Amino acid sequence: MTYQQAGRVAILKRVAGWILFIPALLSTLISILGFMFKHSEKQPGIDAVMLDFVHVMVDMVRFNTPFLNVFWHNSPVPDFTGSANIGFWLIYLLIFVGIALQASGARMWRQSRHVKEGIEDQLILEQAKGSEGRTRAQLEEKIRLPRHTVFLQIFPLYILPVVIAVAGYFVLTLLGMI
């Protein structure tokens, strides 16, 4: 692929990454808040004050974000006691697919900009050679950029979801919800 095509693909990847990331993040956060609201019912014991505070805070966030009603009504509320929660986990993973797409697009964009600047620098040198120097078209036809797959984004796609899930498990355990 030429560097111009790589630049266009990079823009599309970055936009697609943000389009996946933002709704998936909102849906996942609202799902977690729904889970916390559902499991912060009146309970006896030491955790009652903290759970009551969580219940009030989630209710206040829900009341003050009516523009997110689509997410409040449609986001899957997980149940970590034994069900599969496939919808929740798929939306959770879309967060990291969006991050990986955006990172892949950013890398392609940087590469295409670097190649474009290199061609312009080389073109100045070629013009200094006079009539035997190569033209822009001759320089551009020799350059082919590799395709960047989203699956090579190791940290955001494979490691970060596990780290955040483990951290979330510990936080929910400390709150006494799991």
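Residues numbered from 1 in each chain as written. Predicted model: local features only at pLDDT ≥ 70, side-chain atom pairs only at ≥ 80, totals over all residues. Heavy atoms only, no water.

Student: Hey, could you run me through the side chain of glutamine 102 in this one?
Tutor: For glutamine 102, the location among the structural elements is in helix 4 (residues 86-128). In this structure glutamine 102 comes out as buried when scored by relative accessible area, which is 17%. Apart from the residues within four sequence positions on either side, glutamine 102 is in contact with Lys13, Arg14, Gly17 and Trp18. (Helix = DSSP H or I, 4+ residues; strand = E, 2+ residues; numbered from the N terminus. Buried < 20%, exposed > 50% of the residue type's maximum accessible area, 1.4 Å probe, protein only. Contact = heavy atoms within 4.5 Å.)

Student: How should I be thinking about the layout of surface pockets in this particular structure?
Tutor: The rolling of a water-molecule-sized probe over the atoms marks out the regions of remaining empty space. Empty space within the largest pocket amounts to approximately 480 Å³. If you go around the largest pocket, you meet 23 residues; those closest to its centre are Ile32, Tyr92, Ile164, Ala165 and Gly168. At the level of elements, helix 1 (3-38), helix 4 and helix 6 (154-174) are the ones that each hand at least two residues to the lining of the largest pocket. (1 Å grid on protein atoms, 1.4 Å probe; cavity = no way out; pocket = protein on both sides within 12 Å on 5 of 7 lines; lining within 4 Å. Points joined across faces, edges and corners; volume = space filled by probe spheres on them.)

Student: Any chance you could explain the packing of aromatic side chains here in plain terms?
Tutor: Pairs of aromatic rings are described using the distance from one ring centre to the other and the angle between the two planes. Applying the stated rule across the entire model yields six aromatic pairs. On the numbers, 5.8 Å between centres and 65° between planes, the contact of tyrosine 169 with phenylalanine 170 is edge-to-face. The ring of tryptophan 109 carries the charged tip of arginine 113 above its face, separated from the ring centre by 4.5 Å. (Phe/Tyr/Trp six-rings, centres within 6.5 Å; stacked < 30°, edge-to-face > 60°. Lys NZ or Arg CZ within 6 Å of the ring centre and 35° of its normal.)

Student: Quick question: what am I supposed to make of the side chain of asparagine 85 here?
Tutor: Take asparagine 85: it is sitting in the loop between helix 3 (69-74) and helix 4. Residue asparagine 85 is classed as buried on the basis of its relative accessible area of 14%. In this structure the side chain of asparagine 85 is engaged in a polar contact, spanning 3.0 Å, whose partner is the backbone nitrogen of aspartate 79. Leaving out residues up to four positions away in the same chain, asparagine 85 has contacts with Pro78, Asp79 and Phe80. (Polar contact = N/O pair within 3.5 Å; in protein donor to acceptor, adjacent residues only side chain to side chain.)

Student: Is there a simple way to explain the pattern of salt bridges in this structure?
Tutor: Between side chains of opposite charge, a pair can form when the charged atoms approach closely. Across all of its chains, the model carries two salt bridges by this definition. We note a salt bridge from glutamate 126 to lysine 129, for which the minimum N-O separation is 3.6 Å. Take glutamate 126: its relative accessible area is 2%, and that puts it in the buried class. What makes lysine 129 partly exposed here is its relative accessible area of 45%. The residue glutamate 126 makes a salt bridge to arginine 134 at a minimum N-O spacing of 3.2 Å. Taken together, the shared-partner salt bridges connect Glu126, Lys129 and Arg134 into one network. (Salt bridge = Lys/Arg side-chain N within 4 Å of Asp/Glu carboxyl O.)

Bear in mind that shape data such as this cannot, by itself, settle questions of function.
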